[in-house]
Amino acid sequence: MHQEFLPPGIVILTGAGISKESGIDTFRDKDGLWSRVNLEEVATIEAWHRDKKKVLDFYNDTRRSFRAAHVEPNAAHRALARLEKEYQGEVVVVTQNIDPLHEMAGSRNIIHMHGRDGEVRCMSCQRVFESDADLTAQSICPNCNAVGELRPNIVWFGEMPMHMEEIYEALERCGLFLSIGTSGEVYPAAGFVLHVRRRQHRAHTVELNLEATGSQPLFHEHIYGPATEVVPAYVERVLANGWRQ
C-alpha cells in the first residue's frame, strides 16, 4: 500500500519573550514580575500551605488584570498558527507560558508544560477544572467536596513541569527544533536543545530571540530581533523553501 511521505516534525519551544510584545510581563527581566514580587511568597507549594489567602489573591488579581487588558496574540503567535496549518508534517508548540495566546491565534497542537491560566486543580483528588472564578481558602472542590484544596493549575517553583513524557516523545520525532523568546536558563526546558542534538538522527536547531542566550553554541542557527519580526519571516522561509541552509 502506498504510504504518503510526510516531512519531519517541528517542535517549537516558546517562552515569555513571545508574549511580551502582546503586553504580558516577563518574569526574569530587570523590570519583570519577579522584580516586584517575592516568588517565595506566592509561587511555591510551601507558600500556599503557609498563607493560602495571599497566594490565591495574587493569582486572582493577576488573572483579572490579564482579562481586563484584553491582551491579543501578536504576529509571532499568528505565524506559528499558520505554520501548523500549512506545514505538511507535525508541528508541536511546547510553551512555558500559562497564557492562552497560542490558542487564541489558532494553534491547536499545544503542550503547556507550566500549566494554564484559567485552570484549577484540587490537591485532594487531583482533578483539573476550567474556571475563571476567584479562589479562596474556603473554595470547595466540585468533584470531591474538599474545602480549601483548590489552587491554580500552574507549576510553581520546585514542582515538576507537566506532560514531560509527551514532550520528549515529540522531541524524538522532530527534525527541526525552534526556541523562541526563552532565556535557556530554566531546566528541563533548557535541556531540550541538547536532547535533540544528541539523538542518532539529530534535529536542526534554531534560536529566535531578542538577543543571544547562554545556550547559543547548541543551535545551528541564530536569528535575533523582536519576535513579531523574526518569527513570521522564519515561518515564511520554512513554508517556501524548508529550513536547511
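As annotated in an unreviewed UniProt entry, the protein carries the name NAD-dependent protein deacylase and is attributed to Reyranella soli. A UniProt comment under Catalytic activity (unreviewed entry) is attached to the protein, and it reads "N(6)-acetyl-L-lysyl-[protein] + NAD(+) + H2O = 2''-O-acetyl-ADP-D-ribose + nicotinamide + L-lysyl-[protein]". Looking at the protein in UniProt, the text filed under Subcellular location (unreviewed entry) is "Cytoplasm".

A.B. asks: In this structure, what is going on with the overall build of the protein? I would like to understand it.
C.D. replies: Scanning the protein from terminus to terminus reveals 9 helices and 9 strands. On C-alpha atoms alone, the protein measures out to a radius of gyration of 19 Å, which is about the 18 Å that the 2.2 N^0.38 rule sets for 245 residues. Over its C-alpha atoms, taken along the principal directions, the protein stretches across nearly 55 × 50 × 35 Å. Sorting the 245 residues of the protein into buried and exposed places 49% on the buried side.

A.B. asks: In this structure, what is going on with empty space enclosed by the protein? I would like to understand it.
C.D. replies: A probe as big as a water molecule, rolled over the atoms, marks out the empty space that is left. Enumeration according to the criterion identifies 1 cavity of 30 Å³ or more in this entry. Lining of the largest cavity is provided by 15 residues; of these, Leu13, Ser179, Gly184, Ala189 and Ala190 occupy positions nearest its centre. In terms of residue class, the lining of the largest cavity is built from 7 nonpolar, 6 polar and 2 charged.

A.B. asks: How do you make sense of the nonpolar core when you look at a structure like this?
C.D. replies: The nonpolar side chains of a soluble globular protein tend to be buried, and buried together. Among the nonpolar cores identified, the biggest contains 23 residues, and Ile10, Ile12, Leu178 and Val231 are the most heavily contacted of them. Of all the secondary structure elements, the ones that give two or more residues to this core are strand E1 (9-14), helix H5 (75-86), strand E2 (91-95), strand E7 (174-180), strand E8 (204-209) and helix H9 (227-241). Sorting elements by how many residues they give to this core places H9 first, with 6 residues. Sequence-distant contacts of Leu178, that is, excluding residues within four places in its chain, are made with Ile10, Val11, Ile12, Leu13, Val206, Leu208 and Tyr234. Membership of the second largest hydrophobic core comes to 18 residues, among which are Val92, Met113, Ile167 and Val196.

A.B. asks: Would you mind showing me how to read the side chain of His77 here?
C.D. replies: Residue position: His77 is located in helix H5. Here His77 is in contact with Ile18, Ser19, Ser22, Leu101, His102 and Ala105, once residues within four sequence places are set aside.

A.B. asks: Help me understand the domain arrangement of the protein in this model?
C.D. replies: A common way to state how big an interface is: give the accessible area lost once the parts meet. Looking at the assigned domains, one finds that the protein contains domain 1 (9-24 + 72-114 + 161-241) and domain 2 (25-70 + 117-154). Here the C-alpha centre of domain 2 lies 26 Å away from the C-alpha centre of domain 1. Buried area between domain 1 and domain 2, summed over both chains or domains, comes out near 1,000 Å², and the portion from carbon and sulfur atoms is 62%. Considering only the surface of domain 1 that becomes buried against domain 2, Ile24, Ile98 and Met162 emerge as the three largest contributors, covering 44% of it. Linking domain 1 with domain 2 are 0 salt bridges, by the criterion used here. For the pair domain 1 and domain 2, the interface holds 2 residue pairs in polar contact (both at pLDDT 80 or more). Taken together, the residues of the side of domain 1 that touches domain 2 break down into 7 nonpolar, 3 polar and 3 charged.

A.B. asks: Quick question: what am I supposed to make of the sheet that holds strand E9 (residues 221-224) here?
C.D. replies: Sheets are built from strands that pair by backbone hydrogen bonding, the pairs being arranged parallel or antiparallel. Pairing in this open sheet of 6 strands is parallel, and the strands run E3-E2-E1-E7-E8-E9 from one edge to the other. The sheet is open, and its two edges are formed by strand E3 (110-112) and E9, each paired on a single side. Adjacent strand axes in the sheet meet at a mean angle of 15 degrees when their direction is disregarded. Here helix H7 (residues 164-173) sits on the sheet in contact with E1, E2, E3 and E7, set at roughly 120 degrees to E7. Across the sheet, H9 lies against E1, E7, E8 and E9, angled at about 140 degrees from E9, the strand it touches most.

The rules behind each value
Residues numbered from 1 in each chain as written. Predicted model: local features only at pLDDT ≥ 70, side-chain atom pairs only at ≥ 80, totals over all residues. Heavy atoms only, no water. UniProt positions renumbered as here; feature names shortened; annotations may be inferred. Helix = DSSP H or I, 4+ residues; strand = E, 2+ residues; numbered from the N terminus. Rg over C-alpha atoms; globule rule 2.2 N^0.38 Å. Buried < 20%, exposed > 50% of the residue type's maximum accessible area, 1.4 Å probe, protein only. 1 Å grid on protein atoms, 1.4 Å probe; cavity = no way out; pocket = protein on both sides within 12 Å on 5 of 7 lines; lining within 4 Å. Points joined across faces, edges and corners; volume = space filled by probe spheres on them. Nonpolar A, V, L, I, M, F, W, Y, C, P; charged D, E, K, R; others polar. Core = buried A, V, L, I, M, F, W, Y, C linked by side-chain atoms within 4.5 Å. Contact = heavy atoms within 4.5 Å. Domains from an automatic or database assignment. Buried area = accessible area lost by both parts, 1.4 Å probe. Salt bridge = Lys/Arg side-chain N within 4 Å of Asp/Glu carboxyl O. Polar contact = N/O pair within 3.5 Å; in protein donor to acceptor, adjacent residues only side chain to side chain. Pairing = 2+ DSSP bridges. Axes fitted to C-alpha atoms, helices over the stretch in contact; angles between N-to-C directions.

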